[in-house]
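# What the coordinates show
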Amino acid sequence: VAAMLTYLSFVRRKSRTMVTLNDINEDTLQLILRRIEAPSPKELLALSLVNKRFRAAIRSPTVWHTLDLSRHAATMTNKVLYGIVKDDNAFASIEVLNLSGCSQLTDLSVLKVLNKCHHTIREIDLSGCELLTLETAEYIGFHCHELERLDLTGCKRVPTTFLFQNLPIMQLNLKDLRVKGTKHLNGRVDEVDFEDLVDAIAKYVRWLQSFDGTVFDKGDVRDVMELVHVCEEHLEFWRSGNAVAICDHASELQNNDPTSTPMCTIFPECGHVMCVECSAVERRNMMREGGRYVYPCSHCAHPVRFMPAPGGFEIVVHSPEDFKKLLAERRRLGGPP
């Protein structure tokens, strides 16, 4: 009896059907790969080294619904992105593209990705992609019609005016737009260029009121509009001769009688004006607050307000007379190209 039981156990083991990877059909294999939660797309792409079937399956558009390369931002270049995207349609159906922090990417590589998935893409995060320009923004506006979320934070070469003038009209599905740190809100912005943004926002508001609707439910558009409104009030105080100049160079410029030609800027938070040399000296009085360095304005004791951090957003001002001439010339020529 013992021998018979041992034999029966042996027969059962031998009679079992062995299933291998080769027995899984293509659709099932693609479904399995789609459900793998890899920390990085590169790890999922590495499975193409298993065999030829895996290599073909991993490049199927049914596998990819998200392309998130933000983990590799420090090393992500055009060449690396080309190697991931290649010339097939692996990423033709992705709905989410995250290239946040990829500061070395240019329009060429980003447009290569978008050209494949513009019919399906719903979310795009390009925050910190400092080399992108108007070309990428225009492509998104004209071709990505299913887009619901767009983050361009820190894209300092993308014109903020274009985003306010065109995206709301082109992208009616877009509800979440982030534009802080774009061209007209980054670094030292000329007063005349800032007026272009003021005009663009005014046109956007008029368009918005024309059908009494709300376009952007999320994002930072309302915050940006409020910031621009406050800055425009500061500029009006400066142009009207109010006492906002806090160094001799700024006072001379405001009175249209500069003895030299220093660059003077207005601080967005408090509205005071100081030349860049004097403000650099003032920034030595920095203090640590909330885990970051802040730079108190010496003329804003109660309440304390701050100058922009080095490299932060501030507006370069002209004398009131020069501003009128420059603005008239700009509008005579029809604005910037």
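Residues numbered from 1 in each chain as written. Predicted model: local features only at pLDDT ≥ 70, side-chain atom pairs only at ≥ 80, totals over all residues. Heavy atoms only, no water.

Attention now goes to the overall build of the protein chain. From N to C terminus, the protein chain includes 14 helices and 13 strands. For the protein chain, buried positions account for 43% of its 337 residues. Taking the intrachain contacts of the protein chain between residues at least 6 apart in sequence as the baseline, contacts between residues at least 24 apart amount to 74%. As displayed, the protein chain offers around 18,400 Å² of accessible surface, 53% of which is attributable to carbon and sulfur atoms. (Helix = DSSP H or I, 4+ residues; strand = E, 2+ residues; numbered from the N terminus. Buried < 20%, exposed > 50% of the residue type's maximum accessible area, 1.4 Å probe, protein only. Contact = heavy atoms within 4.5 Å. Areas by Shrake-Rupley, 256 points an atom, 1.4 Å probe, with all protein chains shown as cover.)

Let us now look at helix H10 (residues 191–210). An ideal rise of 1.5 Å per residue puts 28 Å on 20 residues; H10 measures up with 29 Å between its terminal C-alpha atoms. The N-cap residue of H10 is aspartate 190: its side-chain oxygen and the backbone nitrogen of valine 192 are 2.9 Å apart. (Expected span 1.5 Å × (residues − 1). Polar contact = N/O pair within 3.5 Å; in protein donor to acceptor, adjacent residues only side chain to side chain.)

This part covers the sheet that holds strand S6 (residues 188–190). Read from one edge of the open sheet, 4 strands run S6-S13-S8-S9, paired in mixed fashion. Whereas interior strands pair on both sides, the edge strands pair on one side only; in this sheet they are S6 and strand S9 (273–275). Each adjacent strand pair in this sheet contributes to an overall mean axis angle of 40°, direction not counted. Strand contacts of H10: S6 and strand S13 (314–317), with the helix running at about 80° to S6, the strand carrying the most contacts. (Pairing = 2+ DSSP bridges. Axes fitted to C-alpha atoms, helices over the stretch in contact; angles between N-to-C directions.)

A word on the layout of surface pockets. Taken as a whole, the second largest pocket spans an internal volume of roughly 380 Å³. If you go around the second largest pocket, you meet 17 residues; those closest to its centre are Pro268, Glu269, Pro308, Ala309 and Phe313. Broken down by secondary-structure element, the contributors of at least two residues to the lining of the second largest pocket are strand S11 (292–296) and strand S12 (306–307). If you tally residues by element for the lining of the second largest pocket, the top one is S11, at 4 residues. Grouping the amino acids of the lining of the second largest pocket by side-chain chemistry returns 11 nonpolar, 3 polar and 3 charged. Structurally, the lining of the second largest pocket is a two-domain feature, drawing no fewer than three residues from each of domain 1 (1–193) and domain 2 (233–333). (1 Å grid on protein atoms, 1.4 Å probe; cavity = no way out; pocket = protein on both sides within 12 Å on 5 of 7 lines; lining within 4 Å. Points joined across faces, edges and corners; volume = space filled by probe spheres on them. Nonpolar A, V, L, I, M, F, W, Y, C, P; charged D, E, K, R; others polar. Domains from an automatic or database assignment.)

Pairing within the open sheet is parallel, and its 6 strands lie in the order S1-S2-S3-S4-S5-S7. Sheet topology places strand S1 (66–68) and strand S7 (218–219) at the edges, where each strand pairs with a single neighbour. Strand direction decides the pairing type here: strand S3 (residues 123–125) and strand S4 (residues 149–151), joined by 3 bridges, are parallel. When the bridges of S4 are listed, isoleucine 124 appears paired with leucine 150.

The geometry of H10 relative to helix H14 (residues 320–332) is characterised by a closest axis approach of 10 Å and an angle of 55° between their N-to-C directions. The angle between H10 and H14 falls in the class oblique. H10 and H14 meet at a crossing whose hand is right-handed. Residue-level inspection shows Glu191, Val192, Asp193, Glu195, Asp196 and Asp199 of H10 in contact with H14, the latter providing Phe323, Leu326, Leu327, Arg330 and Arg331. Tallied by class, the residues present in the contact of H10 with H14 amount to 4 nonpolar, no polar and 7 charged. (Parallel < 35°, antiparallel > 145°, perpendicular 65-115°, else oblique. Left-handed = near helix turned anticlockwise from the far one by under 90°.)

Now for the pairing of S11. By the bridge criterion, 3 bridges tie strand S10 (residues 287–289) to S11 in an arrangement that is antiparallel. Residue pairing in the sheet places arginine 288 in a bridge with tyrosine 293 of S11. Here S10 hands over to S11 after 2 residues, with glycine 290 in that stretch at a positive phi of 60°. In this sheet, S12 lies alongside S11 in antiparallel orientation, the contact comprising 2 bridges. In the strand pairing of S12, proline 296 is matched with phenylalanine 306.

A word on the side chain of histidine 272. Looking at the secondary structure, you find histidine 272 in the loop between strand S8 (264–266) and S9. Histidine 272 gets classed as buried once you look at its relative accessible area, which sits at 13%.

Evaluation of the coordinates by the stated rule reveals 17 salt bridges. Close ionic contact of arginine 239 with glutamate 191 constitutes a salt bridge, the shortest N to O distance being 2.8 Å. Taken as a pair, arginine 239 in helix H11 (residues 221–239) and glutamate 191 in helix H10 lie far apart in primary sequence, 48 residues in all. Exposure remark for glutamate 191: the relative accessible area of 0% places this residue in the buried category. Two residues, arginine 330 and aspartate 193, come together in a salt bridge whose shortest N-O distance is 2.9 Å. (Salt bridge = Lys/Arg side-chain N within 4 Å of Asp/Glu carboxyl O.)

Time to look at the side chain of serine 279. Among the structural elements, serine 279 can be located in helix H13 (residues 276–282). On the accessibility criterion, serine 279 (1% relative accessible area) is buried. Among the polar contacts made by the side chain of serine 279, one reaches the main-chain carbonyl oxygen of valine 276 at a distance of 2.9 Å. Discounting residues that sit within four places of it in the chain, serine 279 has contacts with Phe267, Met274 and Met307.

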